[in-house]
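Residue-level listing of the chains:
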Amino acid sequence: MKLLYKSITAAALLAFGLAATGCSDWLDYTPKDKQTYDEQFNNRTGFHTTVNGIYNNMTGSSLYGYNLSYGALDIMGLCYKIANASTAKYELCTAAYTSSNAASTISSIWTSAYNTILNINVVLQALDDHPGVLLPEDEQMIRGEMLATRACIHLDLVRIFGPVYSVKPDGLSVPYADKPEIIKRNRLKVDDIIYNKIIPDLTTAQSLLKDVDPILTEGVLNSDGGDEGNWFRYRQLRMNYYAATLVKARAYIWVNDYTNALTEAKKITDDTYAQECFPWVDPVKLLANSSNPDRIFSTECLFGFYDKKMSDIFAQNFNGSLDAAVVLKPREGYTGILFPNTADYRRQSQWTGSTSIGSNELDFIKYKSFTTNETNPDFWATFYGLMRKSEAYYIAAEAINGLGDTSGACGYLNKVKAARGIEALETDSPAEFLKELKLEYLREMRGEGQIFFLHKHFNQSFAAANADFNGHEKANRDNPAVSIRYNVPIPTGENY
């Protein structure tokens, strides 16, 4: 792997870099020697600053701040109609992954992901090398968060660069980097990396976090901690116990392990405390609120990140008045097919009419800003959700359907539908159920990087007259075969 032969991107200067740059340049440092490393991790502040820097790096545009959220992955999942043929967006939309612009984007995802993983491994190694620096519960929390985060990033790499599991279950995916070593690692088969690497990391993380994560006893704690500080607060901004559990459910459902996927999903869907911790959005506060609506349904989010420039996401990407070369707009008829029931809370709060897009089209306003108190802003004014509890219901529903109980699967799916103000699904047909499940993902997860994974998981065809989606996923030109769209190549410089 070419990345691993470069100077290892280390977390060792984080305390200095963050103080000087506000987190922006921390990855540019290469440690000179062990003394620098030891100096960084000989105190609590050094560990905390390092971990915060890792989370900060994940929010960059190469990863979850764009490419792995509303940007590249949603474009690859054909959420948008891309007009300008000379851009990376068009190449990604049409699966021209080896074209220069798209290849650069894909390479950025790969490199940034493994850089972040390597820094996670530096922290995990430092915990072993510097015992006693942290209080036991602090060390346990950091280790749990970092193991779960490492597994989460690897899983997304598997889902991007690995094969369609239902077509080629024994195909190679990606290397698993579990130590801060400058070595070339072999690509692993999907089952191998899921069951022998990702799941063990998540199981350990759950065990560690279950004893110390305040989210399990005090909730999300989305308020300032005052003199006690915020290290153990704002748990939705960190890889908490419930987020780690959802990642584990994602991993199992990716390989169609319905029994284990259901077990993990139910730790969220069937847990009374989890429901209290992440309540469904209040429609009264959402739909009757024109001043500060919580359009991302933040109370339901298990994990996400802080973005002080949230308002730029809509202004620079989804505003219908933007130039055609820039705007991410829905394809013709898209929203009409997704929302036959216009009373759906998602339709009412996250979409609005736009004459600039077209007479029958809508602007996607999920990330549109609102007037807020700058001194004490609403939490959701700067919060970008990446994982939500509705996905646990979808995973549970798919698993139950896969185990032969379509009626029971509808029960879980209908919990989300009820929370969105729309009618329940009643069917004994597994195919009819899957059709509606896929549509629910499209309604719920737009702008969060999950749509490409949805289509790849089901090996979804993109034919113009597709029976499941009535052609609404047709892009702005004929799409390539399924295998081409889902076989995202590892960057050529990595020598695989």
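### With respect to the overall build of the chain
Looking only at helices and strands, one finds 22 helices and four strands in the chain. A buried classification covers 58% of the 496 residues belonging to the chain. Of the contacts made within the chain by residues no fewer than 6 positions apart, 70% connect residues no fewer than 24 positions apart. Of the accessible surface of the chain, which amounts to about 19,000 Å², a share of 48% is contributed by carbon and sulfur atoms.

### Quick look at helix α15 (residues 310-318)
If you check which residues of α15 are buried, you get Met-310, Ile-313, Phe-314, Asn-317 and Phe-318. Down the axis of α15, the buried side of the element spans an arc of 100°, and every buried residue falls inside it. Elements in contact with the buried residues of α15: β3 (362-364) and β4 (383-388).

### Some words on the packing of helix α18 (residues 389-402) against helix α19 (residues 406-419)
Close contact between α18 and α19 brings their axes to 7 Å; oriented N to C, the two are set at 170°. With respect to α19, the element α18 is oriented roughly antiparallel. Of the residues in α19, those in contact with Ser-390, Tyr-393, Tyr-394, Ala-396, Ala-397, Ile-400 and Asn-401 of α18 are Thr-406, Gly-408, Ala-409, Tyr-412, Leu-413, Lys-415 and Val-416.

### Digging into the pairing of β4
Across the six residues that make up β4, a large majority, six, are buried. Of the strand pairs in this sheet, strand β1 (residues 301-306) and β4 are connected by five bridges, and their pairing is antiparallel. If you follow Phe-305 over to β4, its bridge partner there is Tyr-384.

### Observations concerning helix α7 (residues 100-129)
An α-helical turn contains 3.6 residues, so any two residues separated by three or four positions project in the same direction. Counted at 1.5 Å a residue, the expected span for α7 with its 30 residues is 44 Å, and the 43 Å between its end C-alpha atoms agrees. With 21 of its 30 residues buried, α7 lies for the most part within the structure.

### Some details on the side chain of Lys-248
Examined against the element boundaries, Lys-248 turns out to sit in helix α11 (residues 241-254). On the accessibility criterion, Lys-248 (6% relative accessible area) is buried. Here the side chain of Lys-248 touches Gln-206 through a polar contact of 2.8 Å, side chain to side chain. Leave out the neighbours within four places in its chain, and Lys-248 touches Ile-199, Leu-202, Thr-203, Gln-206 and Glu-264.

### Remarks on the pattern of salt bridges
Any two side chains of opposite charge can pair, given that their charged atoms come close. The tally for this structure, following the rule as stated, stands at 24 salt bridges. As a salt-bridge pair, Glu-448 and Arg-388 come within 2.8 Å of each other at their nearest N and O atoms. Linking Glu-448 in the loop between α20 (430-444) and α21 (451-457) with Arg-388 in strand β4, this pair joins segments that are 60 residues apart in sequence. Judged by relative accessible area, which is 2%, Glu-448 ranks as buried.

### Quick look at the packing of aromatic side chains
Per the stated rule, a full pass over the model turns up 26 aromatic pairs. The interplanar angle of 75° and the centroid separation of 5.2 Å between the aromatic rings of Phe-318 and Phe-364 together place this pair among those described as edge-to-face. Taken as a pair, Phe-318 in helix α15 and Phe-364 in strand β3 lie far apart in primary sequence, 46 residues in all. A centroid spacing of 6.3 Å and a plane angle of 45° characterise the contact between Tyr-393 and Tyr-412, whose relative ring orientation is tilted. Of this pair, Tyr-393 sits in helix α18 while Tyr-412 sits in helix α19, and the two are 19 residues apart along the sequence. In this structure Tyr-412 comes out as buried when scored by relative accessible area, which is 14%. Chaining the aromatic ring pairs together yields one cluster made of Tyr-66, Tyr-70, Tyr-80, Phe-305, Phe-318, Phe-339, Trp-351, Phe-364, Tyr-367 and Tyr-384. Just above the ring of Trp-254 sits the side chain of Arg-159; from NZ or CZ to the centre is 5.8 Å.

### Let's talk about unusual backbone geometry
Positive phi outside glycine occurs at Leu-221, with the angle close to 55°. Mapped onto the elements of the fold, Leu-221 is located in the loop between α10 (215-218) and α11. Look at Leu-221 and you get buried, because its relative accessible area is 14%. The backbone of Asn-256 shows a phi angle near 60°, a positive value even though the residue is not glycine. Counting through the fold element by element, Asn-256 comes out in the loop between α11 and α12 (258-269).

Scoring rules and cut-offs
- Counting restarts for each chain: residues are numbered from 1 in the order of the written sequence.
- In keeping with the predicted nature of the model, local features appear solely for residues at pLDDT of at least 70, side-chain atom pairs appear and are counted solely at 80 or more, and the whole-chain, interface and lining totals rest on all residues.
- Each side-chain value is derived from all of the structure's non-hydrogen atoms; neither hydrogens nor water enter the calculation.
- Secondary structure elements follow DSSP: runs of H or I of four or more residues count as helices, runs of E of two or more count as strands, with numbering from the N terminus.
- For the exposure calls, accessible area comes from a 1.4 Å probe over protein chains only, and a residue counts as buried if that area is under 20% of its type's maximum, exposed if over 50%, partly exposed in between.
- Whether two residues are in contact is decided by their heavy atoms: any pair within 4.5 Å suffices.
- Working definition of accessibility: Shrake-Rupley area with a 1.4 Å probe, residue cover restricted to the visible protein chains.
- Of all possible arcs, the one meant is that of the directions from the helix axis to the C-beta atoms.
- The axes are straight lines fitted to the C-alpha atoms, using for helices just the contacting stretch, and the angles between their N-to-C directions are given from 0 to 180°.
- If an angle is under 35 degrees, it is roughly parallel; if it is over 145, roughly antiparallel; if it lies from 65 to 115, roughly perpendicular; otherwise it is oblique.
- Strands qualify as paired when DSSP identifies two bridges or more between them.
- Residue count minus one, scaled by 1.5 Å, sets the expected span of a helix.
- Here a polar contact is recorded for every N or O atom pair within 3.5 Å, except that within protein the pair must consist of a potential hydrogen donor and a potential acceptor, and residues adjacent in sequence are included only if both atoms are side-chain atoms.
- When a carboxyl oxygen of Asp or Glu lies within 4 Å of a side-chain nitrogen of Lys or Arg, that pair is called a salt bridge.
- For Phe, Tyr and Trp, rings pair up if their centres lie within 6.5 Å, where Trp contributes its six-membered ring, and each pair is then called stacked (planes under 30 degrees apart), edge-to-face (over 60) or tilted (otherwise).
- Two conditions define a charge sitting above a ring: the NZ of Lys or the CZ of Arg must be within 6 Å of the ring centre, and it must be within 35 degrees of the ring normal.

It is worth stressing that arrangement in space is one thing and function is another; only the former is reported here.
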